[in-house]
Amino acid sequence: MSGGTSLDPGEIGGLFAGAVALIVAVGHGLRWWLGWTDSRQSRRAVRLQAWDEELKGRELRLDADRENEIRDIRGELDQMRTEHRALFQAYHLIARALVKIDPSNAALNHASALLSTAFKIDPLTPDDMAAMLGRLS
């Protein structure tokens, strides 16, 4: 700057070139920042997609495991019902035979009392059947 407030053409050109360089630098920085956030969002979307697929796979495995467990439990329950029914019928057959031999047997009376408390007669059972069941015990 030569003596005063006036700028010569070289200084104006230098200021203009500096401003253009600054704008270009800011533009490149802004472009880099936008590209960085875009790539970060892209990487995040890929990770989220992979996580979502992993969760869906886990859910499918858990559903299959749950179905297998339910099937196994139902099978075991059916088997236990069959065994229970057989044991209950076997008890009644043996108890009837033992009552004829020793009607006052304490163990037999105790077993009958335990079973009658554990297996209440259904209130919808007809009266004649309830009376017959009472005579059996």
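As a convention, each chain's residues are numbered from 1 in the sequence order in which they are written. Local features are withheld for residues below a pLDDT of 70 in this predicted model, meaning they are given only at 70 or higher, and side-chain atom pairs are given and counted only at 80 or more; totals for whole chains, interfaces and linings count all residues. The basis for the side-chain values is all heavy atoms of the structure; hydrogens and waters are excluded.

A. Up close: the overall build of the protein. Across its full length, the protein carries 3 helices and 0 strands. Numbering of helices and strands runs from the N terminus, with a helix taken as a DSSP run of H or I at least four residues long and a strand as a DSSP run of E at least two residues long. Listing each helix as α and each strand as β along the protein from the N terminus yields α-α-α. Throughout, radius of gyration means the C-alpha value; the globule benchmark is 2.2 Å times the number of residues raised to the power 0.38. Computed over its C-alpha atoms, the radius of gyration of the protein comes to 45 Å, more than 25% above the 14 Å expected for a compact globule of 137 residues. Its C-alpha atoms give the protein principal-axis dimensions of roughly 140 × 30 × 25 Å.

B. Up close: the pattern of salt bridges. Note on definitions: salt bridges are taken to be side-chain nitrogens of Lys or Arg within 4 Å of carboxyl oxygens of Asp or Glu. Enumeration over the complete set of coordinates arrives at 3 salt bridges. Residue Glu54 pairs with Arg58 through a salt bridge whose shortest N-O separation is 2.6 Å. Within this pair, Glu54 and its partner Arg58 are both found in helix α1 (residues 9–101), separated by 4 residues, close to a single helical turn. The residue Asp63 makes a salt bridge to Arg66 at a minimum N-O spacing of 3.0 Å. With a gap of 3 residues between them, Asp63 and Arg66 both fall in helix α1, about one helical turn apart. To sort residues, take the accessible area from a 1.4 Å probe on protein chains only and compare it with the maximum for the residue type: under 20% means buried, over 50% means exposed, and anything in between is partly exposed. Judged by relative accessible area, which is 29%, Asp63 ranks as partly exposed.

C. How the structure looks around a positive patch on the surface. On the surface, Arg40, Arg43, Arg44 and Arg47 cluster together into a patch of positive charge. Residue placement: Arg47 occurs in helix α1. By definition, no residue in a patch forms a salt bridge, and every one has over 30% relative accessible area; like charges are joined within 9 Å, nonpolar side chains (Val, Leu, Ile, Met, Phe, Trp, Tyr) within 5 Å. In these tables, accessible area is a Shrake-Rupley quantity obtained with a 1.4 Å probe, and a residue counts as shielded only by the protein chains included in the view. When charges are counted, Lys and Arg are positive and Asp and Glu negative, with His and the chain ends excluded. Where a charge lies is defined by one atom per residue type, namely NZ (Lys), CZ (Arg), CG (Asp) and CD (Glu).

D. Spatial organisation of the environment of Leu15. Tracing the backbone through its elements, the reader meets Leu15 in helix α1. Its relative accessible area of 57% is what places Leu15 among the exposed residues. When the C-alpha atoms of Leu15 and Asp38 are compared, they prove to be 34 Å apart, with 23 residues separating the residues in sequence.

E. Structural detail: helix α2 (residues 106–118). For α2, spanning 13 residues, the distance from its first C-alpha to its last is 18 Å, which sits close to the expected 18 Å at 1.5 Å a residue. For α2, the N-terminal capping position is held by Asn105, with its side-chain oxygen 2.9 Å away from the main-chain nitrogen of Ala107. Here, expected helix span is obtained from the residue count minus one, scaled by 1.5 Å. Pairing of N or O atoms within 3.5 Å defines a polar contact, subject to two protein rules: one partner must be a possible hydrogen donor and the other a possible acceptor, and residues neighboring in sequence count only if both atoms are side-chain atoms.

F. Here's a closer look at a negative patch on the surface. Negative charge collects at one region of the surface, where Asp65, Glu69, Asp72 and Glu76 lie side by side. Among the structural elements, Asp65 can be located in helix α1. Judged by relative accessible area, which is 41%, Asp65 ranks as partly exposed.

G. Structural context of the packing of α1 against α2. Note on method: axes are straight lines fitted to C-alpha atoms, helices fitted across the in-contact stretch only, with angles between N-to-C directions ranging 0 to 180 degrees. With their axes 11 Å apart at the nearest point, α1 and α2 run at an angle of 145° to one another. By crossing handedness, the relation of α1 to α2 is classed as left-handed. Note on element contacts: α2 touches α1 through Leu108, Ala111, Ser112 and Leu115, opposite Phe88, Tyr91, Ala95, Leu98 and Val99. All amino acids are sorted into three groups, where Ala, Val, Leu, Ile, Met, Phe, Trp, Tyr, Cys and Pro are nonpolar, Asp, Glu, Lys and Arg are charged, and the leftover types, Gly among them, are polar. Counted by class, the contact of α1 with α2 contains 8 nonpolar, 1 polar and no charged residues. Handedness of a crossing is defined here by the sense of rotation of the near helix relative to the far one, left-handed for an anticlockwise turn of less than a right angle and right-handed for a clockwise turn. The criterion used for residue contact is that any of the two residues' heavy atoms lie within 4.5 Å.

H. Inspection of the confidence of the model for the protein at higher detail. Values of pLDDT, ranging from 0 to 100, describe the predictor's confidence in every residue of the model. Here the protein averages 84 in pLDDT, and 91% of its residues register 70 or above. Put simply, helix α3 (residues 127–136) is where the protein has its lowest mean pLDDT, 72, and α1 is where it has its highest, 89.

I. Local environment of a nonpolar patch on the surface. On the surface, Leu30, Trp32, Trp33, Leu34 and Trp36 cluster together to form a nonpolar patch covering roughly 580 Å² of accessible area. Relative to the assigned elements, Leu34 resides in helix α1.

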